[in-house]
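Working through the structure, step by step
Next come the chains, spelled out residue by residue.
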Amino acid sequence: MSGADHAANTHQHTKAIADQLARTAGHVTSIKRMVEGGRPCTEVLIQLAAVQAALSRASRLVLEDHLESCLRGAVENGTADEEWQRLKEALDRYIR
């Protein structure tokens, strides 16, 4: 499936993912201000852990959407092997 084919599939979590990423971007900006303001390293680390958890939640939603929409669509149109390979490559990069 090409990128255009992916866009045609219905993703259930697009808004939730976009909202999560917007909140995360705001959180990162506030952490940057904490660092610039000389806040204690322990406070910064706690906030960084919260950002990592938020990114993990967004990643889980993206993966769920991919399995429910893209991979299912690839099975229906006969390109499942190609799509499965792309997913494996993406997971290899994500898990590094």
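Parameters at a glance
Residues numbered from 1 in each chain as written. Predicted model: local features only at pLDDT ≥ 70, side-chain atom pairs only at ≥ 80, totals over all residues. Heavy atoms only, no water. Helix = DSSP H or I, 4+ residues; strand = E, 2+ residues; numbered from the N terminus. Rg over C-alpha atoms; globule rule 2.2 N^0.38 Å. Buried < 20%, exposed > 50% of the residue type's maximum accessible area, 1.4 Å probe, protein only. Areas by Shrake-Rupley, 256 points an atom, 1.4 Å probe, with all protein chains shown as cover. Lys, Arg positive; Asp, Glu negative; His and termini not counted. Charge placed at Lys NZ, Arg CZ, Asp CG, Glu CD. Salt bridge = Lys/Arg side-chain N within 4 Å of Asp/Glu carboxyl O. 1 Å grid on protein atoms, 1.4 Å probe; cavity = no way out; pocket = protein on both sides within 12 Å on 5 of 7 lines; lining within 4 Å. Points joined across faces, edges and corners; volume = space filled by probe spheres on them. Nonpolar A, V, L, I, M, F, W, Y, C, P; charged D, E, K, R; others polar. Axes fitted to C-alpha atoms, helices over the stretch in contact; angles between N-to-C directions. Parallel < 35°, antiparallel > 145°, perpendicular 65-115°, else oblique. Left-handed = near helix turned anticlockwise from the far one by under 90°.

On to the overall build of the protein chain, then. A tally of helices and strands in the protein chain yields 4 helices and 0 strands. Starting at the N terminus and ending at the C terminus, the protein chain contains elements arranged as α-α-α-α. Relative to a compact globule of 96 residues, whose C-alpha radius of gyration would be 12 Å, the protein chain shows 17 Å and is clearly more extended. The 96 residues of the protein chain split such that 24% are buried. With an accessible surface of roughly 6800 Å², the protein chain has 59% of that area assigned to carbon and sulfur atoms. Averaged over its 12 positive side-chain charges, the protein chain has a centre that lies 10 Å from the centre of its 13 negative ones.

Our next topic: the pattern of salt bridges. Counted according to the given criterion, the structure contains 5 salt bridges. For Lys 15, the salt bridge identified is with Asp 19, shortest N-O distance 2.8 Å. With Lys 15 and Asp 19 both in helix 2 (residues 14-36) and 4 residues apart, this pair spans about one turn of that helix. Judged by its relative accessible area of 31%, Asp 19 is partly exposed. Across the salt bridge formed by Glu 64 and Arg 60, the nearest N and O atoms sit 4.0 Å from each other.

In this section: the layout of surface pockets. The space that makes up the largest pocket amounts to roughly 330 Å³. Lining the largest pocket are 16 residues, with Ser 59, Val 62, Leu 63, His 66 and Leu 87 sitting closest to its centre. Looking at the lining of the largest pocket, the elements with two or more residues in it are helix 2, helix 3 (41-77) and helix 4 (80-95). Take the lining of the largest pocket: its biggest share by element is 7 residues, from helix 3. The class makeup of the residues in the lining of the largest pocket is 8 nonpolar, 4 polar and 4 charged.

The next point concerns the packing of helix 2 against helix 3. Between helix 2 and helix 3, the shortest axis-to-axis distance is 10 Å and the interhelical angle comes to 165 degrees. It follows that helix 2 is roughly antiparallel to helix 3 by the angle criterion. The way helix 2 lies across helix 3 gives a crossing that is left-handed. When grouped by side-chain class, the residues that make up the contact of helix 2 with helix 3 number 16 nonpolar, 5 polar and 3 charged.

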